[in-house]
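# Commentary on secondary and tertiary structure
Here is what each chain is made of, one letter per residue.
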Amino acid sequence: FFINHHGPLPVDTGGMCGGEATAFNLLKLIANNAHSGDVAILVGDFNAGPQAQTLQSLGSRLHNVYTGNSFGGVDNVLSSCTNVVATQNLGSGGSDHDALEAVIQL
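Residues numbered from 1 in each chain as written. Predicted model: local features only at pLDDT ≥ 70, side-chain atom pairs only at ≥ 80, totals over all residues. Heavy atoms only, no water.

## As for helix H1 (residues 19-33)
For the record, the criterion: To qualify as a helix, a DSSP run of H or I must reach at least 4 residues; to qualify as a strand, a run of E must reach at least 2; elements of each kind are numbered from the N terminus. By definition here, a helix of n residues has an expected span of 1.5 Å times n minus one. Burial classes: relative accessible area under 20% of the type maximum marks a residue as buried, over 50% as exposed, and values in between as partly exposed (1.4 Å probe, protein chains only). The directions considered for the arc are those from the helix axis to the C-beta atoms. By definition, residues are in contact when any of their heavy atoms lie within 4.5 Å.
Between its first and last C-alpha atoms H1 spans 21 Å; for 15 residues at 1.5 Å apiece the expected length is 21 Å, and the two agree. Turning to H1, its buried residues are Gly19, Thr22, Ala23, Leu26 and Ile30. All buried residues of H1 lie within an arc of 100° about the axis, which places them on one face of the element. Facing away from the buried surface of H1 by more than 90 degrees, the exposed residues are Glu20, Phe24, Ala31 and Asn32. Where H1 is buried, its residues contact strand E1 (2-6), strand E2 (41-45) and helix H2 (53-58).

## Considerations on the side chain of Ser70
Note the following rule: Whenever two N or O atoms come within 3.5 Å, that pair is a polar contact, provided that in protein one can donate a hydrogen and the other can accept it, and provided that, for residues adjacent in sequence, both atoms are side-chain atoms.
Inspection of the secondary structure puts Ser70 in the loop between strand E3 (63-67) and strand E4 (75-79). A polar side-chain atom of Ser70 sits 3.2 Å from the main-chain amide nitrogen of Asp98. Non-local contacts of Ser70, meaning those with residues more than four positions away in its chain, are made with Asp75, Asp96, His97 and Asp98.

## What about the pairing of E1?
What counts is decided by this rule: At least two bridges found by DSSP between two strands are what make those strands a pair.
Side chains Ile3 and His5 of E1 all project onto a buried face; the interleaved residues Phe2, Asn4 and His6 project onto a face where none is buried. Sheet analysis places E1 next to E2, joined by five bridges and oriented parallel. The partner of Phe2 across the bridge, within E2, is Ile41.

## A closer look at the nonpolar core
Cut-off, in case you're wondering: The set of buried Ala, Val, Leu, Ile, Met, Phe, Trp, Tyr and Cys residues whose side-chain atoms join them within 4.5 Å is what this entry labels a nonpolar core.
The biggest cluster of nonpolar side chains holds 13 residues, and the ones touching the most others in it are Leu42, Phe46, Leu58, Leu62 and Leu78. Contributions of two or more residues to this core are made by H1 and H2. With three residues, H1 is the largest single contributor of residues to this core. Each residue touching Leu58, except ones within four places of it in the same chain, is listed here: Ala23, Leu26, Leu27, Leu42, Phe46 and Leu78. Counting residues in each nonpolar core, the second largest holds seven residues, with Val43, Val65, Tyr66 and Val77 among its members.

## A few points about the sheet that holds E4
Heads up, the rule is: The axes used here are C-alpha line fits, helices contributing only the stretch in contact, and every angle between their N-to-C directions lies in the interval 0 to 180 degrees.
Read from one edge to the other, the open sheet built from four strands follows the order E1-E2-E4-E3, with strand pairing classed as mixed. Here the strands that pair on one side only, and so sit at the sheet edges, are E1 and E3. When the angles between neighbouring strand axes are averaged without regard to direction, this sheet yields 20°.

## Some thoughts on unusual backbone geometry
Of the consecutive residues Leu9 and Pro10, the connecting peptide bond is found in the cis state with omega at -5°. On the secondary structure map, Pro10 appears in the loop between E1 and H1. Phi is positive for Asp12, which is not a glycine, with a value near 70°. Following the sequence through the fold, Asp12 ends up in the loop between E1 and H1. Overall, Asp12 belongs to the partly exposed group, its relative accessible area being 45%. Within the chain, Phe71 stands out as a residue other than glycine whose phi angle is a positive 55°. Inspection of the secondary structure puts Phe71 in the loop between E3 and E4.

Shown next, in the form of structure tokens:
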């Protein structure tokens, strides 16, 4: 089950409802839509650094596979699967964020 997320601003706030609510809503989306046995892969610009409540709360259920360098680590790959084969920062390619690659063996 693959989800691409673009987090709320300002950075590290989780938006109007806060980081814990943002994480709860993402986890609820996965629970309500993924099928039994699915691996969940959640990627995107979370607009939240590694120490922000959003990522701390998501970390209770998903593994941090890879974090980018842009804007203090707001770009992330998270997964319910821990079998990570490779990760790589592919650079900006013209964006203000880096492209991230994560290979997860299912």
